[in-house]
Amino acid sequence: MDENNLPIWIPSAERVSNSNFTRYFSFLRTHFKKDFNNYEELYNWSINQIQEFWKSIWEYSGIIHSKSYKTVLSERIMPGAKWFKGSELNFAENLLRYNDDRDAIISIRENHPTIRITYQELYNLVAKCADGLKKLGVKKDDRVAGFVTNYPESVIAMLATTSLGAIWSSTSPDFGFEGVYDRFSQIEPKVLFANESYYYGGKQYNSLGKIEKLISRISSIEKVILIKEFENFKQDNQSETISILTSNYIKYKDLLDNTSKIIEFEQVPFNHPVYIMYSSGTTGKPKCIVHGAGGTLLQHFKELHLHSDVKREDKISYYTTCGWMMWNWLVSGLQLGASVVLIDGSPVYPDYEILWKKIEEEEITIFGTSPKYLSSIEKSGLIPGEKYDLSKLKTILSTGSPLSEENFKWVYKNVKSDLQLSSISGGTDIISCFMLGSPILPVYSGEIQCRGLGMKVEAYDENGECVIDKKGELVCAEPFPSSPIYFWNDAENEKYKKAYFERFPNQWHHGDFIKITKNGGVFVYGRSDSTLNPGGVRIGTAEIYRIVESLDEVIDSLVVGQNWNNDVRVILFVVLKNGFKLDEILVEKIKTNIRLSTTPRHVPTIIKQVNEIPHTISGKKVELAVTKILNGEDVDNKEALSNPASLEQFYKII
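Q: Just give me the short version of the sheet that holds strand β14 (residues 268-269), but keep the residues and values in it.
A: Taken together, the three strands give an open sheet; going across it, the order is β1-β4-β14, and neighbouring strands pair in antiparallel fashion. Looking along the sheet, the strands with just one partner apiece sit at the ends: β1 (65-67) and β14. Looking at chain direction, strand β4 (residues 88-89) and β14 are connected through two bridges and run antiparallel. Looking across to β14, one finds that glutamate 88 is bridged to proline 269.

Okay, here's the thing in structure tokens:
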């Protein structure tokens, strides 16, 4: 933050006094004899006395558990820290702690009416789903995968899975077959939930072909639960046709065709696996990141209840898919008793106004989105605050890429002048955030409000020294409960240690460039590694290479991200065999193959032909150097290249 810069928003005294933070301050005074006057004092305590802080979150959250812990933290080291040893709990039991007639889920979907499910109905549906899975032999430690849309069925399936102590992993149906196979084949799921089809942009897309291929290639899958429409078991007035129904397939409504009304929540240790998520696959197949039940619960409670100020009466939504960690984050809003609003389909279909219309209709109070979406609304000319009643909207959350100063100013001018605009930043790796918002702090244009409580986030220069008001590598210098418990099929933790602890031993190195201001805010400048991030969706370059370099015409390729209009555009460079040229036909062939095998988000914005691709002496593609060239940054360490002269062509291309 520029010290001469004034806040673009300051919370009112009423908002501060009514915030969950104020309740938490009171709790700390009563139960921990701690009296803090502001966020800075609280934050400093939370990172210097991390055991006391996380103990306070355990007690304040009222986490449901069958056995209490013996120690808060076994050792204050990374990796290797063990949290709340001796405790036992169940993830789903904590998300289903409410059982009344308030709306738990509101489902907004393309071409279908809005669905509402109360907490009581949700509990009953999960009980039936869990009973159905148990009859299929699903038990503790089994993996259940979801090739699913952001529908209520996905939430119900996840809760049923985790109620049994089994492990949930999901991806969205817009992934191509290879992208899904590369993920699920590694974890060997016993059961697969899958949507027969999905809607996007007014079109229906059939997934049955991909499902059949998954069954034929992944031998561990014993049953597929086919999802068609939610009304099929909410209301019995729908019919369906399943073209591939065999003994291996079960209709979703048939799985729930039982009389179970009670959920027997399997009690598991605090660090027992609950989710398997996936890295972007930059250097090969995606890494399978395993997250623990207790750490996910406590971290999400802290971020939703305190930093996002979610209350029982709130309606919270985040535009996401089931293949992004923000889905897992959003669904944790159930543990607070809020109404979770699921949005599936295109955010701009049938027009750019649709989400703002839904915010008004449903009286959504907390809305999550991305800078790319906000920029697209700005370019459309729509002024949401003039056309729609957004009086209930109190917070906008944004993640996926840095939120620009222009985005901040546009929101406060054209959406609403009195709301908390929270840019948040973290990742799949930690299933949460390092930096995010606070309802008791001012908002400055372009700046994330604060570092998360209990997260000792620092910016390290090239010498490993902590710097303030200078760009540096994002490092977390103390253990935190939501770090992965391990990677799947990584017995010696070699991949895990290499991913986060190779550059700065015993310090979590995240791979983002940041600047921490003197006032505690944070600027994010994007990834410091080669992971692509268009529209906030992390894309691994290896996923694209496998497709492009399988084409007969292509000898070699390189894909990088270029900062462009407050987002990242994907640029693909190809080296072609003699006799071939990059004409419109070949460009379209490359794009089509990428789109069909991965997702539409993987498709490059620009494809260019080059003479050669830079490689290191050991033969690795040099993505970061080209990325720096395209973003106007200096390139160093050229001596590591086997062909450094190859970089010259990239200065002239774009």
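Q: Run through the pairing of strand β8 (residues 167-171), naming residues and quoting values.
A: Burial analysis of β8 places five of its five residues in the buried class, which makes it a mostly covered element. Residue alternation in β8 divides its side chains into two sets, Ile167, Ser169 and Thr171 and Trp168 and Ser170, and both sets are buried. Across five bridges, the pairing between strand β7 (residues 143-147) and β8 is parallel. When the sheet's bridge partners are listed, alanine 145 is paired in β8 with serine 169. Taking the sense of rotation as the criterion, the β-α-β connection linking β7, helix α7 (residues 152-163) and β8 turns out right-handed.

Q: If you had to explain the sheet that holds strand β6 (residues 115-118) to someone new, which residues and values would you point to?
A: One open sheet accounts for seven strands, arranged β6-β5-β18-β17-β19-β20-β21; its pairing is mixed. Lying at the two open borders of the sheet, with one neighbouring strand each, are β6 and β21 (420-423). Strand-to-strand twist of the sheet, defined as the mean angle between neighbouring strand axes without regard to direction, takes the value 15°. When strand β20 (residues 395-398) meets β21, the two strands line up parallel, connected through four bridges. Paired with leucine 397 across the strands is serine 422, a residue of β21. Across the sheet, α7 is in contact with β5 (103-109), β6 and β18 (339-344); its angle to β5 comes to roughly 140°.

Q: If you had to explain unusual backbone geometry to someone new, which residues and values would you point to?
A: Of note, the bond from methionine 78 into proline 79 is cis; its omega dihedral lies within 30 degrees of zero at -15°. Mapped onto the elements of the fold, proline 79 is located in the loop between β2 (71-73) and β3 (83-85). Along the chain, tyrosine 349 connects to proline 350 via a cis peptide bond; the corresponding omega equals 5°. When you line up the elements, proline 350 lands in the loop between β18 and α14 (354-362). Non-glycine residue lysine 33 carries a positive phi angle of around 55°.

Q: Tell me about the side chain of lysine 302, and name the residues and values.
A: With respect to the helices and strands, the residue lysine 302 is situated in helix α12 (residues 293-307). In this structure, lysine 302 is buried with no salt-bridge partner, the nearest side chain bearing the opposite charge being glutamate 303 at 4.4 Å. Side chain to side chain, lysine 302 and glutamine 299 meet in a polar contact 2.7 Å long. Apart from the residues lying within four places of it in its own chain, the contact partners of lysine 302 are Phe53, Trp54, His307, Gly452, Leu453 and Met455.

Q: Break down the packing of helix α4 (residues 50-61) against α12 for me, citing the residues and quoting the values.
A: Contact pair α4 / α12: the axes reach a minimum separation of 10 Å and the direction vectors enclose 75°. Looking at the two axes, α4 sits roughly perpendicular to α12. Across the interface between the two elements, Phe53, Trp54, Ile57, Trp58, Tyr60 and Ser61 from α4 touch Leu298, Gln299, Phe301, Lys302, His305 and Leu306 from α12. Of the residues contributing to the contact of α4 with α12, the split by class is eight nonpolar, three polar and one charged.

Q: Break down the packing of aromatic side chains for me, with residues and values.
A: Scanning all chains against the criterion turns up 40 aromatic pairs. Summarising the aromatic geometry, the rings of tryptophan 58 and phenylalanine 84 are spaced 4.8 Å apart at their centres and angled 20° between planes, so their arrangement reads as stacked. Taken together, the positions of tryptophan 58 in helix α4 and phenylalanine 84 in strand β3 put the pair 26 residues apart, joining distant regions of the chain. There is no split in this pair, since tryptophan 58 and phenylalanine 84 are both buried. Relative to tyrosine 181, the ring of phenylalanine 177 lies with its centre 5.7 Å away and its plane at 20°, an arrangement referred to as stacked. Here the residue phenylalanine 177 and the residue tyrosine 181 both occupy positions in helix α8 (residues 177-187), the gap between them amounting to four residues, near one helical turn. The same class applies to phenylalanine 177 and to tyrosine 181, which are both buried. One aromatic cluster is present, formed by Phe36, Trp45, Phe53, Trp54, Trp58, Tyr69, Trp83, Phe84 and Phe270 through successive ring pairs. A cation over an aromatic ring shows up here: arginine 217 above the ring of tyrosine 181, its NZ or CZ 4.1 Å from the ring centre. Arginine 569 extends its terminal NZ or CZ atom over the ring of tryptophan 564, reaching a point 3.4 Å from the ring centre.

Q: Mind laying out the packing of helix α6 (residues 119-135) against α7, listing which residues take part and the relevant values?
A: Here α6 crosses α7 at 60°, and the two axes come no closer than 8 Å. By the angle class used here, α6 and α7 are oblique. Our pair here, α6 against α7, has a crossing hand that is right-handed. Taken together, the residues of α7 that come into contact with α6 (itself represented by Leu122, Leu125, Val126, Cys129, Ala130 and Leu133) are Ile156, Ala157, Leu159, Ala160, Thr161 and Ser163. Here the contact of α6 with α7 is built from residues that sort into ten nonpolar, two polar and no charged.

Q: Hey, could you go over the side chain of serine 61 for me, with residue numbers and the actual values?
A: Inspection of the secondary structure puts serine 61 in helix α4. At a separation of 3.3 Å, a polar atom in the side chain of serine 61 contacts the main-chain amide nitrogen of isoleucine 63. Non-local contacts of serine 61, meaning those with residues more than four positions away in its chain, are made with Arg97, Leu298 and Phe301.

Calculation rules
- All chains use their own residue numbering, which begins from 1 and follows the written sequence.
- Local features in this predicted model are restricted to residues of pLDDT 70 or higher, and side-chain atom pairs are both shown and tallied only at a pLDDT of 80 or more, whereas totals for entire chains, interfaces and linings draw on every residue.
- Where side-chain values are given, they derive from all heavy atoms of the structure, hydrogens and water being excluded.
- Each pair of strands is called paired provided DSSP finds at least two bridges between the two strands.
- Helical segments are the DSSP runs of H or I of at least four residues, strand segments are the runs of E of at least two, and each set is numbered from the N terminus.
- Partly exposed describes any residue whose relative accessible area lies between the buried limit of under 20% and the exposed limit of over 50%, with all areas from a 1.4 Å probe on protein chains only and scaled to the type maximum.
- Crossover handedness is defined here as right-handed if the route from the first strand over the helix to the second strand goes clockwise, with the strands pointing away from the viewer.
- To obtain each axis, a line is fitted to C-alpha atoms, and for helices this fit is confined to the stretch in contact; angles are then taken between N-to-C directions over 0 to 180 degrees.
- When checking whether two residues touch, look at their non-hydrogen atoms; a contact exists if any pair is within 4.5 Å.
- His residues and chain termini do not enter the charge count, which takes Lys and Arg as positive and Asp and Glu as negative.
- Here, a salt bridge means any side-chain nitrogen of Lys or Arg that lies within 4 Å of a carboxyl oxygen of Asp or Glu.
- Each polar contact in these results corresponds to two N or O atoms within 3.5 Å; when the atoms are within protein, one needs to be able to donate a hydrogen and the other to accept it, and residues that are neighboring in sequence are counted only if both atoms are side-chain atoms.
- Should an angle fall under 35 degrees it is taken as roughly parallel, and over 145 as roughly antiparallel, whereas 65 to 115 is taken as roughly perpendicular and any remaining angle as oblique.
- Here the term charged refers only to Asp, Glu, Lys and Arg, the term nonpolar to Ala, Val, Leu, Ile, Met, Phe, Trp, Tyr, Cys and Pro, and the term polar to all other amino acids, Gly among them.
- Classification of ring pairs rests on two measures: the distance between centres of Phe, Tyr or Trp rings, Trp counted by its six-membered ring, which must be within 6.5 Å, and the angle between planes, read as stacked under 30 degrees, edge-to-face over 60 and tilted in between.
- In this scheme, Lys NZ or Arg CZ marks a charge over a ring once it lies within 6 Å of the ring centre and within 35 degrees of the ring normal.
- Helix crossings are classified by the rotation of the near helix relative to the far one: an anticlockwise turn of less than a right angle makes the crossing left-handed, while a clockwise turn makes it right-handed.

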